[in-house]
Amino acid sequence: MPLEIGRVCMKVAGRESGRYCVVLKKISDAFVLVTGPKILTGVKRRKCNIEHLEALPYNLEIKEDASDEEVISAFEKANLTKKLDLKLPSAAEVKAEKEKVKPEKKTKEKKEKKK
Amino acid sequence: MMLRVKKRTPTGKVFIHLKKRKPRIARCAICKKPLHAVPRKTPSETRKLPKTKRRPERAYGGYLCSNCLKELLREGIRKRFG
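Residues numbered from 1 in each chain as written. Chains lettered and ligands numbered in written order. Predicted model: local features only at pLDDT ≥ 70, side-chain atom pairs only at ≥ 80, totals over all residues. Heavy atoms only, no water.

A word on the side chain of Glu54 of chain A
Next up, step 1: Relative to the helices and strands, Glu54 of chain A is located in strand S5 (residues 53-59).
Next up, step 2: There is a polar contact of 2.5 Å between the side chain of Glu54 of chain A and the side chain of Arg74 of chain B.
Next up, step 3: A polar side-chain atom of Glu54 of chain A sits 3.3 Å from a polar atom in the side chain of Arg78 of chain B.
Next up, step 4: Beyond its immediate chain neighbours, meaning those up to four positions away, Glu54 of chain A contacts Cys9, Met10 and Val12 of chain A together with Arg74, Ile77 and Arg78 of chain B. (Helix = DSSP H or I, 4+ residues; strand = E, 2+ residues; numbered from the N terminus. Polar contact = N/O pair within 3.5 Å; in protein donor to acceptor, adjacent residues only side chain to side chain. Contact = heavy atoms within 4.5 Å.)

Spelled out as C-alpha cells, the structure:
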C-alpha cells in the first residue's frame, strides 16, 4: 500500500513504535510528515522515515499538511475510532493541550554570571 | 556472586581476593541477541538508576530487540488488516 496523504499507518520503530499515525505530506522519497495527533495516539507531528511506517488499509480524506484538529475530525468521520480502539480526547483535554505553554529555553545569561 | 581470585602479595604470601562478578548481558527474548541500552548491573544497582536509564523507552524496551519488535508489529498488522 503506497504512502499517500491521509494514509493511516503504524509506527514500527522508535519511541512511538506500535502507535497509529497519519501521513500529512511527502517531504522526499524517504521522508514523510506524520502526526498522530499527539492527544489521540501519542505520535507528535514530525518528520518520519518511510521505513519506520507500516501502512494500514485505511485512508482519511484530509488535505495536504492538515492541522491536528482536521485529522481528529477526519478520524471521527471515517469512524475509525472503534476499529483502531482509539479514545477520542474530550474537549477539556484538547483545551489543556493548547494552553500548555512551552517552557522557554534557558537563555544565555546563566553563563555570564559565572565569569 | 563473588569471584575468588588468588593474589600473591609483596611478602610472597598468596591471599584470596573476592572480586564482584558482572551479571550476564540482557538478551532479546526471541533472537537472543544482546540488547542495547540495558546496563549490566546487579538488581540492587539497577534499582538505584532512574527509570529511563534501565531500559530503552520503546514498546517492549529491554525485552525485545528493535528488529524483532519491528517484525512482530508488521506481522500483527498484516494478519489483522490483511
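Next comes the rest of the account.
Quick notes on the state of the cysteines
Next up, step 1: Using the criterion set out here, one finds zero disulfides over all chains in the structure.
Next up, step 2: Here Cys48 of chain A stays free of any disulfide, with the sulfur of Cys21 of chain A as its closest cysteine sulfur at 6.3 Å.
Next up, step 3: Judged by relative accessible area, which is 2%, Cys48 of chain A ranks as buried.
Next up, step 4: For the unlinked cysteine Cys68 of chain B, the closest cysteine sulfur is that of Cys65 of chain B, found at 3.3 Å.
Next up, step 5: Judged by its relative accessible area of 7%, Cys68 of chain B is buried. (Disulfide = S-S within 2.5 Å. Buried < 20%, exposed > 50% of the residue type's maximum accessible area, 1.4 Å probe, protein only.)

Read these as spatial facts, not as claims about activity.
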